Amino acid sequence: MDVKIEEGWKKALAPEFDKPYFKALTDMVRAEYANPAVRVYPPARSIFAAFDASPFDQTKVVIIGQDPYHGPGQANGLSFSVNPGIQIPPSLRNILKEVHDDTGAPIPADGDLTRWARQGVLLLNASLTVREHMPKSHSGCGWETFTDAAVHALAEQRDNLVFILWGSDAIRKGSFIDRNRHLVLTSPHPSPLSASRGFFGNHHFSQANAYLEAHGKSPIIW
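Residues numbered from 1 in each chain as written. Predicted model: local features only at pLDDT ≥ 70, side-chain atom pairs only at ≥ 80, totals over all residues. Heavy atoms only, no water.

Trainee: Explain the side chain of histidine 182 here, please?
Mentor: Following the sequence through the fold, histidine 182 ends up in the loop between α8 (168-173) and β6 (183-187). A polar contact of 3.4 Å, which involves the side chain of histidine 182, links it to the backbone oxygen of arginine 158. Separated by 3.0 Å, the side chain of histidine 182 and the backbone nitrogen of leucine 161 make a polar contact. (Helix = DSSP H or I, 4+ residues; strand = E, 2+ residues; numbered from the N terminus. Polar contact = N/O pair within 3.5 Å; in protein donor to acceptor, adjacent residues only side chain to side chain.)

Trainee: Before we go on, may I ask you to explain the nonpolar core in this structure?
Mentor: Note on soluble globular proteins: their nonpolar side chains tend to be buried together. Within the largest apolar cluster, 68 residues are counted, with the highest numbers of intra-cluster contacts made by Phe51, Ile63, Trp116, Phe146, Phe163 and Trp222. Top element by residues in this core is helix α7 (residues 143-157). It accounts for eight residues. With near-sequence residues (within four places) excluded, phenylalanine 146 lies in contact with Ile5, Leu13, Glu16, Phe17, Tyr21, Phe22, Phe48, Phe51 and Leu128. (Core = buried A, V, L, I, M, F, W, Y, C linked by side-chain atoms within 4.5 Å. Buried < 20%, exposed > 50% of the residue type's maximum accessible area, 1.4 Å probe, protein only. Contact = heavy atoms within 4.5 Å.)

Trainee: What should I look at first to understand helix α3 (residues 20-34) in this one?
Mentor: An α-helix turns once every 3.6 residues. As a result, residues three or four positions apart point the same way. With 15 residues, α3 should cover 21 Å at 1.5 Å per step; its first-to-last C-alpha distance of 21 Å lies within 8% of that length. Those residues of α3 lying buried are Tyr21, Phe22, Leu25, Thr26, Val29 and Glu32. In an axial view of α3, the angular spread of the buried residues amounts to 135 degrees, which keeps them on one side of the axis. α3 presents Pro20, Arg30 and Ala34 as exposed residues on the side facing more than 90 degrees away from its buried surface. The inward-facing, buried residues of α3 contact α2 (14-17), β1 (40-41), β4 (130-131) and α7. (Expected span 1.5 Å × (residues − 1). Arc of directions from axis to C-beta.)

Trainee: I'm lost on the packing of helix α5 (residues 90-103) against helix α9 (residues 204-214) in this one. Help?
Mentor: In helix packing, the relevant descriptors are the interaxial angle and the interaxial distance, both defined with respect to the helix axes. The N-to-C vectors of α5 and α9 enclose an angle of 60 degrees; their axes lie 8 Å apart at closest approach. Judged by the angle between their axes, α5 and α9 are oblique. Of α9, the residues touching α5 (which contributes Ile95, Glu98, Val99, Asp102 and Thr103) are His204, Phe205 and Ser206. (Axes fitted to C-alpha atoms, helices over the stretch in contact; angles between N-to-C directions. Parallel < 35°, antiparallel > 145°, perpendicular 65-115°, else oblique.)

Trainee: Just to check I follow, could you spell out the pairing of strand β3 (residues 121-125) for this structure?
Mentor: Side-chain direction in a regular strand flips from residue to residue, so the side chains alternate between the two faces of the sheet. Buried residues dominate β3, accounting for five of its five residues. Here β3 shows a buried face lined by Val121, Leu123 and Asn125 and a second buried face lined by Leu122 and Leu124. Of the pairings in the sheet, the one linking strand β2 (residues 61-65) to β3 comprises five bridges and is parallel in character. Opposite valine 61, over in β3, you have valine 121 as the bridge partner. (Pairing = 2+ DSSP bridges.)

What is shown is where atoms sit, not what they do.
Have a look at this one:
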């Protein structure tokens, strides 16, 4: 199957594209987007935006989310990110607060994290599509298998990456990563329900940059 995705990722994920689960997933997603009775996010052209914005060979940091935002206009294909002009969701507001408290970076006026992605931060959701107002509605349909393969490819084919895992779902998704080969940072989720239980003050952003610099890589301008 010919999938329109960044060439490095296309090569790394090539074995997945011809597997039965991926064909079934593709058929389901196409049917969902074609169904006039439902709305699906992100826009179809942005399903693989995280991969296109952070090419396989340039990825340095991976931040894993659950599934796209399910409100109108929110999802842009990058985990936790929203386009300029969209109100910053609570979890992202807490992320930006921690960035500020950890690194001193100013809190931006918008929640567009494309600037991170272009520096090699893969903002990857476990599921890449969702129905409007129905969180996790496309979970269990095959996306997790595909995004697991992406994490595996990075963990096995690259060295000295930073994996940032917030919350139990993300921590489970990265449980196989070799801690001797990569830096794995974990904490509670930035959701208002859990941020005060260990997300705030986790210093993940400064730790990520210290690790990158220690391994000869340029730090992220958070």
